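# Summary of the model geometry
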Amino acid sequence: MAARTLKIGLIPGDGIGKEVIPAGKRILEALPASLGLKFEFIDLKAGWETFQETGNALPEETVSILKSECDGALFGAVSSPTTAVKGYSSPIVALRKKLDLYANVRPVKSVRGPGVKPIDMVIVRENTEDLYVKEEKTYDTPEGKVAEAIKRISQRASSRIATIAGEIALRRQKIREGGSPSIHKGPLVTVTHKSNVLSQTDGLFRVTAREALAAGRFTSVAVEEQIVDSMVYKLFRQPEAYDVIVAPNLYGDILSDGAAALVGSLGLVPSANVGEGFAIGEPCHGSAPDIQGQGIANPIATLRSAALMLEFLNEEAAAAKIYEAVDANLEEGKLLNPDLGGKAKTEEVVQDILRRL
Ligand SMILES: NC(=O)C1=CN([C@@H]2O[C@H](COP(=O)(O)OP(=O)(O)OC[C@H]3O[C@@H](n4cnc5c(N)ncnc54)[C@H](O)[C@@H]3O)[C@@H](O)[C@H]2O)C=CC1
Ligand SMILES: O=C(O)CCCC(=O)C(=O)O
């Protein structure tokens, strides 16, 4: 069999992005040759440091190389400022839109072990609209300043995100039927929203998602809905109840960081930004300035993001190898980074996982 060569863009960004993306590259390079996969890597720039050097947080070259040369990419994290800086705009938010990576898929899974609450869910977050259209303005009134933001929800985006959520639920069910142990009995998609208050925007998301999931091919998928605030409550009390969650952009972002706390650390939770035939693996965490430069960032979210990217590039066997090696490290629990209560450095965890691969 001729080897398939995948061209992967590497965008470390800022802070611990620079510490974890090299680990993602190394795990791809270390995959067994028997899988028939080869990789070529292209280093690409984006982020706050890039903005300071060039005046542009997302150089046009990065976008054009991703579009014209790459099969996929790994994105670390960027340090976006919390106060407006003229000319700066979050490069990852822009990339998702420019490449039409309409789904942000975030699996959250606990480690198997005695006394550990089993959690195995995927949060499927809409990735192109909602408040992330970033159409904001501030104006003066006699009572002081007022700021406004547009929350845009479209039928098209809501329908396609619910459709991919349904497909992911079916795919998970198929893996279970293949004999993988699971805490879930059948495929379930939970649609989350706040349409009791935002009846137009979240109302459109809710109705459209339910319509998409009513399609014939999803008849085996149970569909539930849950208002986002009580969803947080139930997520914390009964996380094992969730299989696939589909959410508008901002709720999906918030829910997935919350869910990360349930499985031990943001440093464990991966994501993939998925479009038609293209995927960017991206850890859910940010640039973690509080630990940057110490060599202690947990690389696992990035390693799992590399695997997730491979899954969406139809390389499930290669992805499974990475998941197994990571799970073996966590289940043994001897070499853990400080976010999980251990003392290991990033490099030690990477070495341990590479050895298991
Ligand atoms: N996709 C992206 O590029 C994202 C970027 N950010 C940016 O990151 C910066 C910092 O944001 P924060 O709110 O502090 O969120 P953060 O996710 O960077 O950090 C939150 C907490 O989790 C810890 N943490 C995160 N990843 C970890 C890892 N791999 N290993 C061990 N501990 C880890 C951090 O040390 C910190 O205590 C901001 O400038 C923000 O704009 C935030 C989220 C996503
Ligand atoms: O800080 C940034 O530039 C982007 C933060 C993005 C983020 O949290 C997300 O939506 O995944």
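These lines cover the structure that appears in this document, whether it is placed above or below. Source: prediction; values computed, not measured. (Residues numbered from 1 in each chain as written. Chains lettered and ligands numbered in written order. Predicted model: local features only at pLDDT ≥ 70, side-chain atom pairs only at ≥ 80, totals over all residues. Heavy atoms only, no water.)

Read across the sheet, 10 strands follow the order E2-E1-E3-E12-E11-E4-E5-E10-E8-E9 without closing on themselves; strand pairing throughout is mixed. Across the chains shown, the open sheet's two edge strands, defined by having one partner strand only, are strand E2 (37–43) and strand E9 (222–227). Each strand axis lies, on average, 25 degrees off the axis of its neighbour in the sheet, ignoring direction. Across three bridges, strand E8 (residues 188–193) lies against strand E10 (residues 244–247) in parallel orientation. Paired with Val189 across the strands is Val244, a residue of E10. Helix-sheet contacts for helix H3 (residues 60–69) involve strand E1 (4–13), E2, strand E3 (72–77) and strand E12 (278–281), and the interaxial angle to E1 is about 165 degrees. Each of strand E4 (103–109), strand E5 (120–126), E8, E10 and strand E11 (272–275) touches helix H5 (residues 155–177); the most contacted strand, E5, lies at about 160 degrees to it. (Pairing = 2+ DSSP bridges. Helix = DSSP H or I, 4+ residues; strand = E, 2+ residues; numbered from the N terminus. Axes fitted to C-alpha atoms, helices over the stretch in contact; angles between N-to-C directions. Contact = heavy atoms within 4.5 Å.)

Further remarks concern the site of ligand 2. Around ligand 2 lies a shell formed by Val78, Ser80, Ser90, Ile92, Arg96, Arg106, Arg125, Tyr132 and Asp253. Arg125 is positioned such that a nitrogen or oxygen atom in its side chain is 2.6 Å from an oxygen atom of ligand 2. Measuring from an oxygen atom of ligand 2, one finds a side-chain N or O atom of Tyr132 at 3.0 Å. Coverage of ligand 2 by the protein amounts to 74% of the 310 Å² it exposes when considered alone. (Near = heavy atom within 4 Å. Polar contact = N/O pair within 3.5 Å; in protein donor to acceptor, adjacent residues only side chain to side chain. Areas by Shrake-Rupley, 256 points an atom, 1.4 Å probe, with all protein chains shown as cover.)

The next subject is the site of ligand 1. Around ligand 1 there are 20 residues in total, and Glu282, Gly286, Ala288, Asp290 and Asn298 lie nearest to it. Note that a nitrogen atom of ligand 1 is positioned 2.6 Å from one of the side-chain N or O atoms of Glu282. Within the side chain of Asp290, a nitrogen or oxygen atom sits 2.7 Å from an oxygen atom of ligand 1. In isolation ligand 1 offers 810 Å² of accessible surface; the protein chains occlude 68% of this area.

Among all positions of helix H7 (residues 228–237), only Val228, Met231 and Leu235 are buried. Looking straight down H7, one finds its buried side chains confined to an arc of 40 degrees; they lie on one side. Seen from the buried face of H7, the exposed residues on the opposite side, beyond 90 degrees, are Tyr233 and Arg237. Elements that come into contact with the buried residues of H7 comprise E5, E8, E9, E10 and helix H8 (249–262). (Buried < 20%, exposed > 50% of the residue type's maximum accessible area, 1.4 Å probe, protein only. Arc of directions from axis to C-beta.)

An ideal rise of 1.5 Å per residue puts 18 Å on 13 residues; helix H9 (residues 300–312) measures up with 18 Å between its terminal C-alpha atoms. Most of H9 sits inside the fold, with 13 of its 13 residues counted as buried. (Expected span 1.5 Å × (residues − 1).)

Turning our eyes to something else, we now look at the packing of helix H1 (residues 17–29) against helix H11 (residues 346–356). When two helices pack together, you describe them by how their axes are tilted relative to each other and by the distance separating the axes. At their nearest, the axes of H1 and H11 sit 11 Å apart, and the two run at 15 degrees to each other. Classed by the angle they form, the pair H1 and H11 counts as roughly parallel. For the pair H1 and H11, the sense of crossing is right-handed. Contact with H1, carried on its side by Glu19, Ala23, Arg26 and Ile27, involves Thr346, Glu347, Val350, Gln351, Ile353 and Leu354 of H11 and no other residues of that element. Looking at the contact of H1 with H11 residue by residue, the class counts come to five nonpolar, two polar and three charged. (Parallel < 35°, antiparallel > 145°, perpendicular 65-115°, else oblique. Left-handed = near helix turned anticlockwise from the far one by under 90°. Nonpolar A, V, L, I, M, F, W, Y, C, P; charged D, E, K, R; others polar.)

The next subject is the environment of Glu135. Mapped onto the elements of the fold, Glu135 is located in the loop between E5 and strand E6 (136–141). For Glu135, a relative accessible area of 36% translates into the label partly exposed. Sequence separation of Glu135 and Lys343 is 208 residues, and the distance between their C-alpha atoms is 44 Å. Other than its neighbours up to four places away in sequence, Glu135 contacts Glu148, Ala149, Ile150 and Arg152.

Let us look at the environment of Gly252. With respect to the helices, strands and loops of the structure, Gly252 is situated in helix H8. Distance from Gly252 to Ile123, taken between C-alpha atoms, is 6.7 Å for residues 129 residues apart in sequence. Look past the residues within four positions of Gly252 in its chain and what remains in contact with it is Arg106, Ile123, Arg125 and Ala247.

This part is about the packing of aromatic side chains. With the rule as written, the count across this model stands at four aromatic pairs. Ring centres 6.0 Å apart and planes at 20 degrees place the aromatic pair Phe39 and Phe41 in the stacked group. Residue classification places Phe39 among the buried residues on the basis of a relative accessible area of 16%. You can call Phe41 partly exposed: its relative accessible area is 21%. Every member of this aromatic cluster is reached through a ring pair, and the members are Trp48, Phe51 and Tyr88. Against the face of Tyr132 rests Arg125, its NZ or CZ located 5.1 Å from the ring centre. (Phe/Tyr/Trp six-rings, centres within 6.5 Å; stacked < 30°, edge-to-face > 60°. Lys NZ or Arg CZ within 6 Å of the ring centre and 35° of its normal.)

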